[in-house]
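Examining the three-dimensional arrangement
Listed here are the chains, written in short residue letters.
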Amino acid sequence: MTNRVLSLLEQAGERYISGEQLSKQLGISRTAIWKHIHKLKLQGYELEASRNRGYRLLSKPDKINISDLVQRLHGTKLVTGIKYFDTVESTQNIAHQLAQDDAPSGTLVIADQQTSGRGRMGRNWVSPAGKGVYMSMVLRPELPLQFAPQLTLLVAVALCIALREVTKLPIGIKWPNDLLIHGKKISGILLESAADDEKIRHVIMGIGISVNMTVDDYPVELQTVASSLRIEAAQPFERTAVIVAFLSHFEQFYRMYQQEGFAPIRMLWESLSVTLHKPRQFHTSNGIVSGEPISLLDSGALLFQLENGEQVPIFSASAVIDG
Ligand code: BTN
């Protein structure tokens, strides 16, 4: 029935169809029509509902076409396989399971929608159908566990450069790895590692990019702190282009990191950072202290310079007071 509602809306093109008309034509109640409209919205269709005129289809979800993606990734060696799902709880959970079942490094899980997308510190990641990029990759780097934070910073650099390239927006990195435009978060990175004796067994690199969300896609409490590429640029973007740009930059920086170590990545991170050189307060065991973040350390910590000249490394973003 949802498909029949959709096809009537498609036939109407730019015209509105009233709820009454739809209910008469399909022989179901107006409440049932409303439920199908709601279902279509969850599937990523954008619909306008006007009290006097009825419903109108504004846009269809931008589907990620995997054979098109594979073709456009031609030349990229890092991705060894892609698993695509319409709806999953979290791509992160699937990638963990695949890694445990010996999936090779480079296995990429992509979903059109997540019902329980996870962020850092147990937060929820808003993942409506057809609007964002939700992906997790299995990586098996030959690295001691203590270097895992460097990998997170590397991902932030690759993502920031890729998204700047696609959107031309002034995107910056907030320490350690949030991507912001005009102070609002548009992308998040979640690296989860499994290790044996301090040696990484695998890392699951989770990336969430808010590509084509509109303000209504966010709960009210997030609307002042979260945004999407589409909201900020006032135009939609093709999700496949975003994925391809990220993966090719990630491959380039990952190779650079393997060959030259962390120094060039640190320089790039510092040049893209919106955190450095902005005085901030932060929590220490001696209470709240003010200082200026002056550089990024190899450990991934942020180095603060206090007014008395003392330098203090801060390891956790939750210690830094926003504002
Ligand atoms: C954060 O900034 O808190 C990290 C957000 C990470 C979200 C992505 S979306 C794809 C992958 N699957 C998840 O459940 N989470 C990550």
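Now for a quick tour of the structure. (Residues numbered from 1 in each chain as written. Predicted model: local features only at pLDDT ≥ 70, side-chain atom pairs only at ≥ 80, totals over all residues. Heavy atoms only, no water.)

Its 20 residues place the ends of helix H6 (residues 148-167) 29 Å apart at the C-alpha level, agreeing with the 28 Å of an ideal helix rising 1.5 Å per residue. Of all 20 residues in H6, 15 are buried, a share of seventy percent or more. Trailing H6 by a residue or two, lysine 168 shows a phi angle of about 60°, which is positive. (Helix = DSSP H or I, 4+ residues; strand = E, 2+ residues; numbered from the N terminus. Expected span 1.5 Å × (residues − 1). Buried < 20%, exposed > 50% of the residue type's maximum accessible area, 1.4 Å probe, protein only.)

Right, let's get into the nonpolar core. Within the largest apolar cluster, 66 residues are counted, with the highest numbers of intra-cluster contacts made by Leu229, Phe246 and Phe250. Per element, the largest residue contribution to this core is 12 residues, and it comes from H6. Core analysis: the second largest hydrophobic core is formed by 16 residues, Leu6, Ala12, Ile28 and Tyr45 among them. (Core = buried A, V, L, I, M, F, W, Y, C linked by side-chain atoms within 4.5 Å.)

With respect to spatial proximity, 19 residues lie near the ligand, and among them Ser90, Gln114, Arg118, Arg120 and Lys185 are the closest. The separation between an oxygen atom of the ligand and a polar side-chain atom of serine 90 is 2.7 Å. In this structure, glutamine 114 approaches the ligand through a side-chain N or O atom, which is 2.9 Å from a nitrogen atom. In the complex, the protein chains occlude 99% of the 420 Å² of accessible area that the ligand would expose alone. Among the elements of the structure, helix H5 (91-100), strand E5 (132-139), strand E8 (184-196) and strand E9 (199-210) are those that each provide at least two residues to the shell around the ligand. Top element by residues in the shell around the ligand is E8. It accounts for 4 residues. Among the residues making up the shell around the ligand, the classes are represented as 6 nonpolar, 9 polar and 4 charged. (Near = heavy atom within 4 Å. Polar contact = N/O pair within 3.5 Å; in protein donor to acceptor, adjacent residues only side chain to side chain. Areas by Shrake-Rupley, 256 points an atom, 1.4 Å probe, with all protein chains shown as cover. Nonpolar A, V, L, I, M, F, W, Y, C, P; charged D, E, K, R; others polar.)

By the definition in use, this model includes 3 aromatic pairs. When the ring of phenylalanine 246 is compared with that of phenylalanine 250, the centres are 5.6 Å apart and the planes differ by 20°; the resulting orientation is stacked. Of this pair, phenylalanine 246 and phenylalanine 250 both sit in helix H8 (residues 239-260), 4 residues apart, roughly one helical turn. Residue class for phenylalanine 250 comes out buried when judged on its relative accessible area of 0%. What links up through ring pairs into an aromatic cluster is the set Phe246, Phe250 and Tyr254. (Phe/Tyr/Trp six-rings, centres within 6.5 Å; stacked < 30°, edge-to-face > 60°.)

This brings us to the sheet that holds strand E13 (residues 311-314). Strand order in the open sheet formed by 5 strands is E13-E12-E11-E10-E14, with antiparallel pairing between adjacent strands. Whereas interior strands pair on both sides, the edge strands pair on one side only; in this sheet they are E13 and strand E14 (320-321). For strand E10 (residues 280-284) and E14, the ladder comprises 2 bridges, and the chain directions are antiparallel. Opposite phenylalanine 282, over in E14, you have valine 320 as the bridge partner. (Pairing = 2+ DSSP bridges.)

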